[in-house]
Amino acid sequence: MTRHPTPHALRLGVNIDHVATVRNARGGQHPDPVRAALAAQAAGADGITAHLREDRRHIRDADIERLMASIAIPLNFEMAATPEMLGIARQHKPHAACLVPEKRTEVTTEGGLDVIGGRDHLQRYIAELGAAGVRVSLFIDPEPAQLDAARALGAPVVELHTGAYCDAPEGAERDHELARIRRAAAHAAAIGLECHAGHGLSYETVGPVAAIPTIVELNIGHFLMGEALFIGLDAAIRRMRAAMDAAREAVPPWTGAP
Ligand code: PXP
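Anyway, here's the lowdown on the structure attached to this text. Please read these numbers as outputs of a predicted model, since none were measured by experiment.

### Brief notes about the overall build of the protein chain
Looking only at helices and strands, the protein chain features eleven helices and eight strands. For the protein chain, whose C-alpha radius of gyration is 17 Å, the value lies close to the compact-globule estimate of 18 Å for 258 residues. With respect to the three principal axes, the spread of C-alpha positions in the protein chain is 50 × 45 × 35 Å. Out of the 258 residues belonging to the protein chain, those deemed buried represent 51%. Taking the intrachain contacts of the protein chain between residues at least 6 apart in sequence as the baseline, contacts between residues at least 24 apart amount to 68%. Roughly 11800 Å² of accessible area belongs to the protein chain as shown, and the carbon and sulfur atoms make up 55% of that amount. The protein chain carries 26 positive and 32 negative side-chain charges, and their two centres are separated by 4 Å.

The structure is reproduced here in structure tokens:
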């Protein structure tokens, strides 16, 4: 059984990239993403997530170093599978690394990794990160075949991309996307993968995902940082945590039974 670093059955990883986006708009030091990480930690976050992009549009190299030195909760380092990022991950040895596809021109991570098509490329990264003691997750669309490929490559964790679900209009289309996430999360448990989820989640969309009993971690950033402008980061995180807990408490504990 997986041991979790915190007592929460459903962990909340707070993505602080967009604090860095605002800082970078003026090129100075304010607002400081490390200060946001410490505030998230104080508000009950179970982990901090940060994506060091090739173009450094959010977090920068020095931020990773400062995060590692400052926070007491695990760092989930989002990275593209490139030699440069592998070197940085091996240098800092964060608790976890989430491999994501990265396109220079995209506004945000548009879709999941193609683990099936990219297996020869990804294999080395999964093995080398694992050997460095970093827990590897693969950010994928909720497709059982992608989960099977992740399992075959020896990744211990997958993170399901919830963007299509969050972007879909309420009704049949969103229900369809939620059903895909549910099926994929059940499949993850059946084949022995730890299952996380994230992208685009808000107070409105988080409940049904938090209620899926085999999902053990949600990573949420953009909505929380936007909401923090109006009610503050501490209150935004506490409200998200409460929405997650309320949805989760309504669900019987997962027994592994079909
Ligand atoms: N998980 C992964 C792998 C991501 O790439 C992102 C966005 O950086 C998130 C979660 C968080 O998404 P959002 O900022 O939309 O909450």
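### Quick look at a nonpolar patch on the surface
The grouping of L229, F230 and I231 at the surface amounts to a nonpolar patch, some 380 Å² of accessible area in total. In this fold, I231 is placed in helix α10 (residues 222–231). The partly exposed category is assigned to I231, whose relative accessible area is 37%.

### Focus on the sheet that holds strand β4 (residues 96–99)
Here eight strands make up a closed barrel; going around it, the order is β1-β2-β3-β4-β5-β6-β7-β8 and the pairing parallel. In this sheet, neighbouring strand axes are inclined to one another by 25 degrees on average, regardless of whether the strands run parallel or antiparallel. In the sheet, strand β1 (residues 11–15) pairs with strand β8 (residues 215–220) via four bridges, with the strands oriented parallel. Looking across to β8, one finds that V14 is bridged to I220.

### Some words on the site of the ligand
Close to the ligand lie 14 residues; E78, E159, G200, G221 and H222 are nearest. Between the ligand and E78 there is a distance of 2.9 Å, counted from an oxygen atom to a side-chain nitrogen or oxygen. Between the ligand and G200, the relevant distance is 2.8 Å, taken from an oxygen atom to a main-chain nitrogen or oxygen of the residue. Relative to its unbound accessible area of 400 Å², the ligand is 95% covered by the protein chains. For the shell around the ligand, the per-class residue count stands at four nonpolar, seven polar and three charged.

### Considerations on the nonpolar core
Ranked by size, the top nonpolar core spans 76 residues in total, and within it L99 and L218 carry the most contacts. If you tally residues by element for this core, the top one is helix α11 (residues 233–249), at six residues. Every residue in contact with L99, bar those within four places of it in the chain, is listed here: M79, A81, L113, L122, Y125, I126, L129, V136, S137, L138 and F139.

Reading the values: rules and limits
- Residues numbered from 1 in each chain as written.
- Predicted model: local features only at pLDDT ≥ 70, side-chain atom pairs only at ≥ 80, totals over all residues.
- Heavy atoms only, no water.
- Helix = DSSP H or I, 4+ residues; strand = E, 2+ residues; numbered from the N terminus.
- Rg over C-alpha atoms; globule rule 2.2 N^0.38 Å.
- Buried < 20%, exposed > 50% of the residue type's maximum accessible area, 1.4 Å probe, protein only.
- Contact = heavy atoms within 4.5 Å.
- Areas by Shrake-Rupley, 256 points an atom, 1.4 Å probe, with all protein chains shown as cover.
- Lys, Arg positive; Asp, Glu negative; His and termini not counted.
- Charge placed at Lys NZ, Arg CZ, Asp CG, Glu CD.
- Patch = residues over 30% accessible without salt bridge, like charges linked within 9 Å, V, L, I, M, F, W, Y side chains within 5 Å.
- Salt bridge = Lys/Arg side-chain N within 4 Å of Asp/Glu carboxyl O.
- Pairing = 2+ DSSP bridges.
- Axes fitted to C-alpha atoms, helices over the stretch in contact; angles between N-to-C directions.
- Near = heavy atom within 4 Å.
- Polar contact = N/O pair within 3.5 Å; in protein donor to acceptor, adjacent residues only side chain to side chain.
- Nonpolar A, V, L, I, M, F, W, Y, C, P; charged D, E, K, R; others polar.
- Core = buried A, V, L, I, M, F, W, Y, C linked by side-chain atoms within 4.5 Å.

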